[in-house]
Amino acid sequence: MNKIEINNLTDEEIKELETVEKVLLYAMKKEKLENTWFDIIIVDNTYIHNLNKTYRDTDKETDVITFALNDETSVINGSNINILGDIYISLDKAKSQALEYEHSFLREITFLAVHGFYHLLGYDHIEKKDEEVMFKKQREVLEEYGITREKIS
C-alpha cells in the first residue's frame with residue numbers, strides 16, 4: 001500500500017491538499033510503485049528560505065525542496081517499505097506563482113507536489129534531455145488527472 005503523509009505547518013487551511021494527495025497516489029500507480037511512502041510538508045517562505053540556505057547554500061526562498069531518502073528499503077510491521085523522503089512546499093510561493101502564471105492555486109500546488117515527487121524518484125532538470133523527460137512525466141500526470149494550466153482572471 002502506498003502512503004503519503006501531508007503535514008501543513010502553516011496556520012492556513014488548504015482544502016486543495018486532498019486533491020494533491022489523490023494526484024500523487026495516481027502518479028505512484030502510474031510509476032508502478034508499491035509499498036512506497038513519502039511526506040509532503042507545507043511551510044511558509046521563512047521556513048523554506050532557512051532550508052534553502054542551510055542545505056543548498058542559497059540565501060532566498062524557493063517553491064519546493066526535496067530530501068530523498070531512497071537508499072534502502074525499510075521494514076515496518078513486517079512489510080518492506082520504500083521510503084522516498086520529504087517534499088517541502090512553500091505555501092507563500094505557491095500562492096504568488098499561481099497569480100504570476102495566472103492559473104489556479106490548485107494547479108500550482110499540485111504541480112509543485114508532482115515536481116517534488118519526481119525529484120524523489122531521482123529525476124532532475126539540470127540537463128535539457130533530463131528536463132524533457134521529467135517535465136513530460138509531470139505534464140502527463142497533471143493532464144491525465146485533469147489539472148490544467150488554464151488562465152484564470
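Residues numbered from 1 in each chain as written. Predicted model: local features only at pLDDT ≥ 70, side-chain atom pairs only at ≥ 80, totals over all residues. Heavy atoms only, no water.

Student: Could you give an account of the environment of I81, with specific residues and numbers?
Tutor: Among the structural elements, I81 can be located in strand 5 (residues 79-90). Given a relative accessible area of 4%, I81 falls into the buried group. For the pair I81 and W37, spaced 44 residues apart in sequence, the C-alpha to C-alpha distance is 7.1 Å. (Helix = DSSP H or I, 4+ residues; strand = E, 2+ residues; numbered from the N terminus. Buried < 20%, exposed > 50% of the residue type's maximum accessible area, 1.4 Å probe, protein only.)

Student: I'd like to hear about the nonpolar core, residue by residue, with values.
Tutor: In this structure, L24, F38, I40, I89 and F117 are the most contacted members of the largest nonpolar core, which totals 31 residues. For this core, the secondary-structure elements that each account for two or more residues are helix 1 (17-30), strand 2 (36-43), strand 5, helix 3 (91-101), helix 4 (105-120) and helix 5 (128-145). Of all the elements, helix 4 adds the most residues to this core, at nine residues. Filtering out sequence-adjacent residues up to four positions away, L24 remains in contact with I4, F38, I40, A113, V114 and F117. Formed by six residues, the second largest nonpolar core is a distinct cluster that contains I41, L51, I65 and Y88. (Core = buried A, V, L, I, M, F, W, Y, C linked by side-chain atoms within 4.5 Å. Contact = heavy atoms within 4.5 Å.)

Student: Mind laying out the pairing of strand 2, listing which residues take part and the relevant values?
Tutor: Among the eight residues that make up strand 2, six are buried, leaving the element largely enclosed by the rest of the structure. Pairing of strand 1 (residues 3-8) with strand 2, which is carried by six bridges, proceeds in the parallel orientation. Within strand 2, the position partnered with I6 by the bridge is I40. Taken together, strand 1, helix 1 and strand 2 form a β-α-β motif whose crossover is left-handed. (Pairing = 2+ DSSP bridges. Right-handed = clockwise from strand over helix to strand, strands pointing away.)

Student: Hey, could you go over the packing of helix 1 against helix 5 for me, with residue numbers and the actual values?
Tutor: For the pair helix 1 and helix 5, interaxial distance at closest approach is 10 Å and the crossing angle is 120°. As summarised for this structure, helix 1 and helix 5 are arranged oblique, according to the angle between their axes. Viewed along their axes, helix 1 and helix 5 form a crossing whose handedness is right-handed. Listed contacts from helix 5 to T19, K22, V23, Y26, A27 and K30 of helix 1 are E140, V141, E144 and Y145. Of the residues belonging to the contact of helix 1 with helix 5, the class tally is five nonpolar, one polar and four charged. (Axes fitted to C-alpha atoms, helices over the stretch in contact; angles between N-to-C directions. Parallel < 35°, antiparallel > 145°, perpendicular 65-115°, else oblique. Left-handed = near helix turned anticlockwise from the far one by under 90°. Nonpolar A, V, L, I, M, F, W, Y, C, P; charged D, E, K, R; others polar.)

Student: Give me helix 4: which residues, what numbers.
Tutor: Spanning 16 residues, helix 4 covers 23 Å between terminal C-alpha atoms, matching the ideal 22 Å at 1.5 Å per step. Of all 16 residues in helix 4, 14 are buried, a share of seventy percent or more. Following helix 4 by one or two positions, G122 has its phi on the positive side, about 100°. (Expected span 1.5 Å × (residues − 1).)

Geometry only, nothing functional implied.
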